[in-house]
Amino acid sequence: MENHDEQFEAVVGERVKALRAERGLTLDQLAELSGVSRAMISRVERAEASPTAALLARICSALGVSLSVFFATDNAPAMPLVRRDDQPVWRDPETGYLRRVVAPQGTGARVDVVEVEFPAGAEVAFEGQQASRTQWQHVWQFEGEMELLVGEDVHTLRPGDCLYMNVGDVHAFRNRTDKPARYAVIIDLGPR
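Just so we're clear, the structure is a prediction, and the values are computed from it rather than from any experiment.

Among the secondary structure elements, Asn-166 is positioned in strand β8 (residues 162–166). Side-chain polar atoms of Asn-166 contact the backbone nitrogen of Gly-168, separated by 2.8 Å.

Right, let's get into the pairing of strand β5 (residues 136–143). Note: β5 against β8, 5 bridges, orientation antiparallel. Considered in β8, the bridge of Trp-140 is made with Cys-162. Where β5 lies against strand β10 (residues 181–188), 7 bridges are found, and the strand directions are antiparallel. Within the sheet, the bridge partner assigned to Val-139 lies in β10 and is Val-185.

As a further point, take the packing of aromatic side chains. Enumeration over the complete set of coordinates arrives at 7 aromatic pairs. Judged by centre distance (6.4 Å) and plane angle (40°), the rings of Phe-118 and Tyr-183 are tilted. Here Tyr-183 lies in strand β10 and Phe-118 lies in strand β3 (residues 111–118), a separation of 65 residues in the sequence. Taking the relative accessible area as the measure of exposure, Tyr-183 reaches 3% and is therefore buried. Through successive ring pairs, a cluster of aromatic residues spans Trp-90, Tyr-97, Phe-118, Phe-126, Phe-173 and Tyr-183.

The strands making up a sheet are joined through hydrogen bonds of the backbone, oriented either antiparallel or parallel. In space, the 6 strands of this open sheet follow the order β1-β2-β3-β10-β5-β8, with antiparallel pairing throughout. Edge strands, defined here as strands with exactly one partner in the open sheet, are β1 (89–91) and β8. Strand-to-strand twist across the sheet, computed as the mean angle between neighbouring axes with direction ignored, equals 20°. Relative to β10, β3 runs antiparallel, the two being bridged by 8 bridges. When the bridges of β10 are listed, Val-116 appears paired with Tyr-183.

What follows covers the packing of helix α2 (residues 27–34) against helix α4 (residues 53–63). Closest axis-to-axis distance for the α2/α4 pair is 8 Å, and the angle between their directions is 110°. One element, α2, and the other, α4, form an angle in the roughly perpendicular class. Where α2 approaches α4, its residues Leu-30, Leu-33 and Ser-34 are matched on the opposing element by Arg-58, Ile-59, Ala-62 and Leu-63. Partitioned by chemical class, the residues of the contact of α2 with α4 number 5 nonpolar, 1 polar and 1 charged.

Cut-offs applied
- Residues numbered from 1 in each chain as written.
- Predicted model: local features only at pLDDT ≥ 70, side-chain atom pairs only at ≥ 80, totals over all residues.
- Heavy atoms only, no water.
- Helix = DSSP H or I, 4+ residues; strand = E, 2+ residues; numbered from the N terminus.
- Polar contact = N/O pair within 3.5 Å; in protein donor to acceptor, adjacent residues only side chain to side chain.
- Pairing = 2+ DSSP bridges.
- Phe/Tyr/Trp six-rings, centres within 6.5 Å; stacked < 30°, edge-to-face > 60°.
- Buried < 20%, exposed > 50% of the residue type's maximum accessible area, 1.4 Å probe, protein only.
- Axes fitted to C-alpha atoms, helices over the stretch in contact; angles between N-to-C directions.
- Parallel < 35°, antiparallel > 145°, perpendicular 65-115°, else oblique.
- Contact = heavy atoms within 4.5 Å.
- Nonpolar A, V, L, I, M, F, W, Y, C, P; charged D, E, K, R; others polar.

Below, the structure written as structure tokens:
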């Protein structure tokens, strides 16, 4: 798994660099737009640092993409089946939450499916993500309990519960219990 994590960090770094270049942004400009230091962005691009979920969300918002669009692989061959061992996995270095991209990439589908394993006591807070305003998501709880701050509302999800929301309205995911939680996020990516 360690080698897989290192490979995925390299992919994250390459993706940040490519998106920054596509938009004609310097490191300094991206730092100013995202509120993330130039040094940290440079370390992420060189795969010397694994960004936290909140930090990556800030970078993505400044680049005008959501996390799901960020993790989508544009050049992946279209295949209707992706085996669990081949699904991209990213672990947030701050909270330890694990994000697995379940949906096959390269199909052109407007829906993304992500599985999340969220540790006990963990919290991820997001600033408003304007790039995500055109996307909607379902959070479908499988195990454990999660608290989501959506707009001004706090929702507690238990196994079997499903919450629908605009991605840009999500401010925090919290697991206030002493047990891990597992859920799926099904995202409508909007027009491509």
